[in-house]
Amino acid sequence: MVTIYERKPAHERKPGLSRRELLKRGGVGALLVISGSAVISPEHAWGLETSALKPETMATLIQMARDIYPHDQVPDKYYAIAVKAHDEQAGKDPAHKDLIEKGIAELDLKSGKDGYTGLGWEEQRVAVLREIEDTPFFQAVRGGLVVGLYNQKEVWPIFGYEGESYSKGGYMARGFDDIEWL
């Protein structure tokens, strides 16, 4: 949520994002719409249907994933795919569902009245994540992201990874030793 305040004397201004700052930034990140049992990104034409977790929980998990492993060049849909496994596991395991829902509730509580996704600055969200990084909830989300995000073949080209090399003749004959930066 972006708050733009009318121009007032400096001593009367509420903290928030000024119109000038908003225009300099070109926006404040991706817009995720929660509708029924889905999280939708109308700007980038993708959606994620949830079955066990609340859509608000999934939207927070997507933002949390982006803050744990920030890659500006990776679209939100890949983070959504990465955290979808928590929704699937929550459908099979009530303990996991409880872990995730309670973890998100605690995260929102620590984040203030607008919750975790209401924090406008990445630094603020990361500070809250640092407070909970030793919890089983955080470790479950972080651990799932390592596999869920980086094992998606669609993101490999974004990072310059071509995939396994055996079927292409290995690395040695394909420029593996062309290390110009060394």
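Scroll up for the structure.
As a starting point, this report considers the structure included with it. The structure displayed is predicted, hence computed values, not measured ones.

## Some points on a nonpolar patch on the surface
On the surface, Ile 158, Phe 159, Tyr 161 and Tyr 171 cluster together to form a nonpolar patch covering roughly 350 Å² of accessible area. The partly exposed category is assigned to Tyr 171, whose relative accessible area is 40%.

## Notes on the environment of Glu 133
Along the chain, the position of Glu 133 falls in the loop between helix H5 (122–132) and helix H6 (136–150). What Glu 133 contacts, discounting residues up to four positions off in sequence, is Phe 138 and Gln 139.

## As for the nonpolar core
Grouped together as the largest cluster of nonpolar side chains are 32 residues, with contacts concentrated most on Leu 61, Met 64, Ile 68, Leu 107, Leu 129, Val 141 and Leu 145. Counting only elements with at least two residues in this core, the list comes to helix H2 (55–68), helix H3 (76–92), helix H4 (94–111), H5 and H6. For Met 64, the residues in contact, after removing those within four places along its chain, are Leu 107, Tyr 116, Leu 129, Phe 137, Phe 138 and Val 141.

## Describing the pattern of salt bridges
Close approach of charged atoms allows side chains of opposite charge to pair. For the coordinates displayed, the defined rule picks out six salt bridges. One salt bridge connects Lys 54 with Glu 101, and the closest N-O pair in it is separated by 3.8 Å. With Lys 54 in the loop between strand S3 (46–49) and H2 and Glu 101 in helix H4, this residue pair connects regions lying 47 residues apart in the sequence. Ionic pairing is found between Asp 87 and Lys 84, a salt bridge with its closest N-O pair at 2.9 Å. A residue pair is termed a helical-turn pair when its members lie 3 or 4 positions apart in one helix, as Asp 87 and Lys 84 do in helix H3 at three residues. Among the residues examined, Asp 87 registers a relative accessible area of 0% and is labelled buried. Owing to a relative accessible area of 18%, Lys 84 belongs among the buried residues under this scheme.

Each value, and the rule that gives it
- Residues numbered from 1 in each chain as written.
- Predicted model: local features only at pLDDT ≥ 70, side-chain atom pairs only at ≥ 80, totals over all residues.
- Heavy atoms only, no water.
- Patch = residues over 30% accessible without salt bridge, like charges linked within 9 Å, V, L, I, M, F, W, Y side chains within 5 Å.
- Areas by Shrake-Rupley, 256 points an atom, 1.4 Å probe, with all protein chains shown as cover.
- Salt bridge = Lys/Arg side-chain N within 4 Å of Asp/Glu carboxyl O.
- Buried < 20%, exposed > 50% of the residue type's maximum accessible area, 1.4 Å probe, protein only.
- Helix = DSSP H or I, 4+ residues; strand = E, 2+ residues; numbered from the N terminus.
- Contact = heavy atoms within 4.5 Å.
- Core = buried A, V, L, I, M, F, W, Y, C linked by side-chain atoms within 4.5 Å.

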